[in-house]
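Single-letter residue listing:
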Amino acid sequence: MEFGKPSTLKRNAFLWKRGAITFLWYIASTSGSAAPADATPARTVIDLNAEWLFIEGDSAAARSVDFDESICRVVCLPHTNKRVPHTNIDASSFAFVSWYRKHFTLPAKYEGKRLKLAFEAVSKAAEVFVNGQYIGSHKGAYTPFSFDISGHLVMGADNVIAVRVDSRLRRDIPPEGINIDYMVFGGIVRDVSLSVVDPLHIHWVYAKRDTGKKSLLTVETMLVNEGNVSKRCSVTTQLLDSSGGIVAQAAGSQFIAPHARKLFTRSVGPVADPRQWHPDAPYLYTIRTVAAEGGRVADSHTVRFGIRTFAFSKTTGRFTVNGAPLKLRGLNRHETFPFIGRAAANRLQARDAEIIKHDFGCNIVRCSHYPQDPAFLDRCDEIGLLVLEEMAGWAYVARDSGWRETALINLEEMILRDRNHASLISFGVRINQSADFHDFYEKSNRLARTLDPSRPTHGTRVLGRGSQCEFMEDIWTQNFLIPDSTPPLLPWITTEIVGHQFPAHSWDKGERLLRHMLAHAAAHDSAMANPAVAGLLGWCAFDYNSTYRYAEHSICYHGVADIFRIPKPAAYFYASQCDPAIYGPMIYIFHEWEKTYSSNDVWVASNCDSVELFVNGASQGKQAPGRFGHLPHPLFIWKTIPFRAGEIRAVGFVRDSVMVTTVRKTPGAAKRLTLVPDDTLLRSGGDMTRVVVTAVDAKGRPILRANNRIEITVGGGGDFLGKSPITLENGKTAFFVKTRGVEAGTINCSVKSRGLKAAHAHIGVISKPEPGKIMDENISSAPSIHPPSRGGTGRMKRRVTP
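Residues numbered from 1 in each chain as written. Predicted model: local features only at pLDDT ≥ 70, side-chain atom pairs only at ≥ 80, totals over all residues. Heavy atoms only, no water.

1. A word on the overall build of the protein chain
Now for step 1: Looking only at helices and strands, the protein chain features 7 helices and 48 strands.
Now for step 2: Element-wise, carbon and sulfur atoms account for 51% of the exposed surface of the protein chain, whose accessible area totals about 28300 Å². (Helix = DSSP H or I, 4+ residues; strand = E, 2+ residues; numbered from the N terminus. Areas by Shrake-Rupley, 256 points an atom, 1.4 Å probe, with all protein chains shown as cover.)

2. Observations concerning the sheet that holds strand β26 (residues 457–461)
Now for step 1: On the basis of which strands lie adjacent, the closed barrel formed by 8 strands has the order β22-β23-β24-β25-β26-β27-β28-β29 and parallel pairing. Across the sheet, the mean angle from the axis of one strand to that of its neighbour is 25°, orientation sign disregarded.
Now for step 2: Here 4 bridges tie strand β24 (residues 386–390) to strand β25 (residues 424–428), and the two strands are oriented parallel to one another. Following the sheet pairing, V387 is matched in β25 by L424.
Now for step 3: In the packing of helix α3 (residues 401–418) onto the sheet, the strands contacted are β24 and β25, and the crossing angle to β25 comes to about 170°. (Pairing = 2+ DSSP bridges. Axes fitted to C-alpha atoms, helices over the stretch in contact; angles between N-to-C directions. Contact = heavy atoms within 4.5 Å.)

3. What about the pattern of salt bridges?
Now for step 1: Per the counting criterion, the structure on display carries 47 salt bridges.
Now for step 2: For the salt bridge of E335 with R342, the shortest nitrogen-to-oxygen distance reads 3.0 Å.
Now for step 3: On the basis of relative accessibility, which here comes to 1%, the residue R342 falls in the buried class.
Now for step 4: One salt bridge in this structure joins K568 and D543, with 2.9 Å as the shortest N-O distance. Here K568, found in the loop between β31 (555–556) and α6 (569–575), pairs with D543, found in the loop between β29 (533–538) and β30 (544–545); they are 25 residues apart in sequence, far enough to count as distant.
Now for step 5: By relative accessible area, which is 1% here, K568 ends up buried.
Now for step 6: Taken together, the shared-partner salt bridges in this structure form one network comprising R347, R351, D678, D679, D687 and R690. (Salt bridge = Lys/Arg side-chain N within 4 Å of Asp/Glu carboxyl O. Buried < 20%, exposed > 50% of the residue type's maximum accessible area, 1.4 Å probe, protein only.)

4. Side note on the sheet that holds strand β13 (residues 217–225)
Through backbone hydrogen bonds, the strands of a sheet pair up, either in parallel or in antiparallel fashion.
Now for step 1: One open sheet holds the 3 strands; their spatial order is β12-β13-β16, and the pairing between them is antiparallel. Edge positions in the sheet fall to β12 (200–209) and β16 (260–268), since each has one partner strand and no second. Here the average twist between neighbouring strands, direction ignored, is 20°.
Now for step 2: Of the strand pairs in this sheet, β13 and β16 are connected by 9 bridges, and their pairing is antiparallel. Its bridge partner lying in β16, N225 is registered against A260.

5. Here's the deal with the packing of helix α1 (residues 346–359) against helix α2 (residues 374–383)
Now for step 1: The N-to-C vectors of α1 and α2 enclose an angle of 40°; their axes lie 8 Å apart at closest approach. With respect to their mutual orientation, α1 and α2 come out oblique. Between α1 and α2 lies a crossing whose hand is right-handed. Contact with α1, carried on its side by N346, Q349, A350, D352, A353, E354, I356, K357 and H358, involves A375, F376, R379, C380 and I383 of α2 and no other residues of that element.
Now for step 2: Of the residues in the contact of α1 with α2, the class split is 7 nonpolar, 3 polar and 4 charged. (Parallel < 35°, antiparallel > 145°, perpendicular 65-115°, else oblique. Left-handed = near helix turned anticlockwise from the far one by under 90°. Nonpolar A, V, L, I, M, F, W, Y, C, P; charged D, E, K, R; others polar.)

6. Observations concerning the environment of W492
Now for step 1: Within the secondary structure, W492 sits in strand β28 (residues 492–496).
Now for step 2: Note: C-alpha distance between W492 and A534 (42 residues apart in sequence) is 5.8 Å.
Now for step 3: In this view, W492 contacts W476, Q478, L481, P483, P487, V533, A534 and G535; residues no more than four positions away in its chain are not counted.

7. Quick word on the packing of α3 against helix α4 (residues 438–451)
Now for step 1: The N-to-C vectors of α3 and α4 enclose an angle of 20°; their axes lie 10 Å apart at closest approach. Relative to α4, α3 is oriented roughly parallel. In terms of crossing hand, the pair formed by α3 and α4 is right-handed. Facing α3, whose interface residues are R404, A407, L408, L411, E412, I415 and L416, α4 presents F440, K443, S444, L447, A448 and L451.

8. Some words on the packing of aromatic side chains
Describing an aromatic ring pair means giving the distance of the ring centres and the angle of the ring planes.
Now for step 1: Under the defined criterion, the tally for this structure stands at 31 aromatic pairs.
Now for step 2: Judged by centre distance (4.3 Å) and plane angle (15°), the ring pair of Y142 and Y370 falls under stacked. Pair noted here: Y142 is in the loop between β8 (133–139) and β9 (145–148) and Y370 is in the loop between β23 (364–367) and α2, with a separation of 228 residues, a long-range link. No difference in accessibility class separates Y142 from Y370, as the two residues are buried.
Now for step 3: On the numbers, 5.0 Å between centres and 80° between planes, the contact of Y548 with Y550 is edge-to-face. (Phe/Tyr/Trp six-rings, centres within 6.5 Å; stacked < 30°, edge-to-face > 60°.)

9. Things to note about the pairing of strand β10 (residues 158–166)
Now for step 1: Of all 9 residues making up β10, 8 are buried, and the element is well covered by its neighbours.
Now for step 2: The pairing of strand β5 (residues 97–105) with β10 spans 9 bridges and is classified as antiparallel. The partner of H103 across the bridge, within β10, is V160.

10. Examining the nonpolar core
Nonpolar side chains tend to gather and get buried jointly when the protein is soluble and globular.
Now for step 1: Grouped together as the largest cluster of nonpolar side chains are 56 residues, with contacts concentrated most on I356, F360, F440 and M517.
Now for step 2: Aside from chain neighbours lying at most four places away, what touches F360 is L331, I355, A541, F542, V560, A561, P567, A571, Y574 and A575.
Now for step 3: If you look at the next biggest cluster of nonpolar residues, it comprises 37 residues, including I340, V692, A734 and L756. (Core = buried A, V, L, I, M, F, W, Y, C linked by side-chain atoms within 4.5 Å.)

11. Thoughts on α2
Now for step 1: Of all 10 residues in α2, 10 are buried, a share of seventy percent or more.
Now for step 2: Phi turns positive one or two residues past the end of α2, at G384, with a value near 85°.

12. A word on unusual backbone geometry
Now for step 1: A cis amide bond, omega -5°, links L77 with the succeeding residue P78.
Now for step 2: Mapped onto the secondary structure, P78 falls in the loop between β4 (73–75) and β5.
Now for step 3: Residues L490 and P491 are joined by a peptide bond in cis, for which omega reads -5°.
Now for step 4: Counting through the fold element by element, P491 comes out in the loop between β27 (475–479) and β28.
Now for step 5: Phi is positive for N131, close to 50°, though the residue is something other than glycine.
Now for step 6: One non-glycine residue, H259, lies in positive phi territory at about 55°.
Now for step 7: Structurally, H259 is set in the loop between β15 (246–256) and β16.

Here's what the structure looks like:
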């Protein structure tokens, strides 16, 4: 079927600041171009993602320097300890202990520096060894941790990091304890890096808008002196605009004792005519902090910051951004990908944010039910996607005090990591859908309010009408209930709706997929009708893997897109609710225009003022939107339009001007396959992209319901992450490719199926930049799969922050 002539819509790659760059190929100051012109980089961050050695199994000898590595496989991070099928997963297949080893050499110039080894996440528990010596351990599959390994390395010689990763069922570590509604998976699932810093260095920077004077910022800097003598240190904090210009700054100095920490708190500003961050205009400043001693720059640190004010009214229930009301409309997201679990490269993580914001039209996402990848949150900041984030867990709090202690440690790690994100509006401090646990939740709320007093807390529960639950947070968040009058507790967000109440497969009959869409529309219409409800989030963005009773063959089919991120019709309802003046006009026909489609009613989603429908050139009438009238953009319906082979066309008007057109044509028989990668250029060292396969007719129209068995071949400079042979689902499927350690070249992909013409695609792989160079290029990408038609100059687009 066709969706008209969509406007050119490219997936501009986000600036690859977190990319897969092998150690000693890329060494750059975190202050980047914002560093003082007369200063040499004071902090070096080395990417350690490439070329680890993986051992599938436990061996005490693997910690040793002289371990026999002939049994190892070379892998790049992020890495799943077990590739799995996308369905019918045996959850025990990745529940084992494995080891990862990394060899590297440091230059002599790092002698006397402090060396901090940082992991973004290891699933589920890690023990770390350096050159055979035990360094430390961490529990928790979703939060970062780091160790100072300075005294364990030898400059100019081979060093070995060894990590024992325990991915077994761990009932002592949240979220596990009972059967949970998602899979945690295993491996070193996020980035690993090594920071080289001066003994006098910045530990963290925390910035917030001054509540008393909105043109001022309060910036806290924790400075650490790991030297042996006291030092008088100066800290200079600058606010930089997007072009690097200084718009405000503050400085001060203090003595700091040896082996001690000192907190510097400064008011920065006032900022003349500040550009405020808003979901529709997400302007980001940079806060640069420089620590110096005796005229020497010891360390520099940058963090992006959005100047904005969020508020939830306890009297009206409304949510406001910078004083203006905004109804929250969004979806939940699980960090689950087919075949690779949670071990998705930053490009894939960032793209999920782009899909939810720009393809699905949401203004908020809930990170269910755990802290998610930093690259995802970074992209939310850049494109204006609001975030609800929450501690790891699901419907269970252990009586064991060790479990609860780990939960609070992980909560602290989440807040310290994420409290500078402009997009993040609230921290969830209650385990999703759990019962009351007063002492535990008193501690979690107090912890969040201490570490980040600038944000409210929330905690999601599921209750029937009339049920009681202790309210200790600042925002009442509840699943599966939309109050039809003023809620009993304010402010109120409905955090899940539809989902398991109405699962939908991508290959279901069109009538069921239509009802699935209408269920989401009805829910948001109810939320919009009640001004006291701050917002509503549907369950959920993407289908996901689970062992819970809701799952069919290891998949919960609860998403508005399938697990491959290919949208179902409900996704286009969400997209239709965007403001056309900002994101551009869109239109979508909820009818397959095939003989097998039994309904004669034609529904259309559009954010236009009116729509005219045509069947084989004959007008069926021009209408104003009329269904679900509380929505920003109600739906359109034409009753009793009999099917006639050919085409159905919808034309969207704004103030009587044609803005967008979409066409569906009755497809023919499947004749060939298409193979479309999201990206045509990747970086070596573990970069990844998705490749979508579609069965089409002779004119290139996708064939819904096609279930051909296909064979996929991947060769050249990358690895195949998928299944072959595999059966098409609703005429489509997808797989991933991943680049290797330092190889440049081309990844060659081919797909074939009996009776269909084969397809081929080629993806370039570039090597890493020379040492000290930063490469920020836009990487060409494919359009959305089956996008709605868009028109006009204000079309939806993915922005790349300058």
